[in-house]
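Tertiary structure, described
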Amino acid sequence: MNSLENFLTTDEEQEIVSAIRMAEKNTSGEIRVHLERSTSEAIDSRAKYVFHALKMDNTKLENGVLIYIAIENKKFGIYGDKGIDRKVDSNFWNKTRDVMQKHFETGAFKTGIVEGIKSASGALEKFFPWETNDKDELSNEVSKGEV
Ligand code: CA
Ligand code: CA
């Protein structure tokens, strides 16, 4: 049931991509979602590893944010690059995590991810407003598998 390919339906995946695209219309920050089957590592260190493996540190303002989900572990982590992490208060990531957790507990994974994107983009908008020459520095597609 909970395989990598059917964790989200195609429609749900497209809703997530749309949410990222919408969020990035208001901020120079870059948000990505990555799904992995499982991990034996601590979720936050795995999220950090995946962030770097996906070369998400390759943004001019160091304002990439990764939502990483290990589906069999039913766990997720959020990792923000140095630029954003310097700006937000430490509670911010916890708030975003809580918003997602609430939906994940009821099995509403897509909604949880979309709400997480909205929460993260709220902070990104505030500290990294959209600029006229903005580039889409990181893909908006949901990526999957081992990295
Ligand atoms: Ca951008
Ligand atoms: Ca992007």
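Look up: the structure comes first, before these words.
In this report, we go over the structure that sits alongside the text. (Residues numbered from 1 in each chain as written. Chains lettered and ligands numbered in written order. Predicted model: local features only at pLDDT ≥ 70, side-chain atom pairs only at ≥ 80, totals over all residues. Heavy atoms only, no water.)

Re the coordination of the calcium ion (ligand 2)
For the record, the criterion: Only nitrogen, oxygen and sulfur atoms qualify as donors, and only when within 2.8 Å of the metal (3.2 Å in the case of Na, K and Ca); with water excluded, sites may look incomplete. Under the classification used here, a metal with four donors is tetrahedral if each angle lies between 85 and 135 degrees, square planar if opposite donors are over 155 degrees apart and the others between 65 and 115, a six-donor metal meeting that same test is octahedral, and anything else is irregular. Burial status follows relative accessibility: with a 1.4 Å probe on protein chains alone, a residue under 20% of its type maximum counts as buried, one over 50% as exposed, and anything between as partly exposed.
Every protein donor of the calcium ion (ligand 2) is listed here as Glu24 (OE), Glu24 (OE), Glu30 (OE), Asp136 (OD), Leu138 (O) and Asn140 (OD1), and their distances to the metal cover 2.2 to 2.7 Å. What the six donor atoms of the calcium ion (ligand 2) show is an angle range of 52 to 171° at the metal, which sorts the shape as irregular. Mapping the donors of the calcium ion (ligand 2) onto the primary sequence yields the spacing E-x5-E-x105-D-x1-L-x1-N. In this structure the calcium ion (ligand 1) is found 5.5 Å away from the calcium ion (ligand 2), and Glu30 serves as a bridging donor for the pair. Assessed through its relative accessible area of 1%, Glu30 is described here as buried.

Thoughts on the packing of helix 1 (residues 10–23) against helix 5 (residues 109–127)
The cut-off we apply is this: Throughout, an axis means a line fitted to C-alpha atoms (over the contacting stretch in the case of helices), and angles, computed between N-to-C directions, take values from 0 to 180 degrees. Working definition: helices are DSSP H or I runs of at least four residues, strands are E runs of at least two. Numbering for both runs from the N terminus. When describing relative orientation, an angle under 35 degrees is termed roughly parallel and one over 145 degrees roughly antiparallel, while 65 to 115 degrees is termed roughly perpendicular and anything else oblique. In this analysis, two residues are considered to be in contact whenever any of their non-hydrogen atoms come within 4.5 Å of each other. Residues are grouped as follows: nonpolar covers Ala, Val, Leu, Ile, Met, Phe, Trp, Tyr, Cys and Pro; charged covers Asp, Glu, Lys and Arg; every other residue, Gly included, is treated as polar.
Their axes nearest at 10 Å, the elements helix 1 and helix 5 cross at an angle of 5°. Regarding the angle of helix 1 to helix 5, the classification is roughly parallel. On helix 5, the residues that touch Glu12, Glu15, Ile16, Ala19, Ile20 and Ala23 of helix 1 are Lys110, Ile113, Val114, Ile117 and Ser121. Considered class by class, the residues forming the contact of helix 1 with helix 5 number seven nonpolar, one polar and three charged.

Some points on unusual backbone geometry
Even without being glycine, Lys55 reaches a positive phi, approximately 55°. The exposed category is assigned to Lys55, whose relative accessible area is 57%. Positive phi, close to 55°, is recorded for Lys74, a residue that is not glycine. In this fold, Lys74 is placed in the loop between strand 2 (64–70) and strand 3 (75–80).

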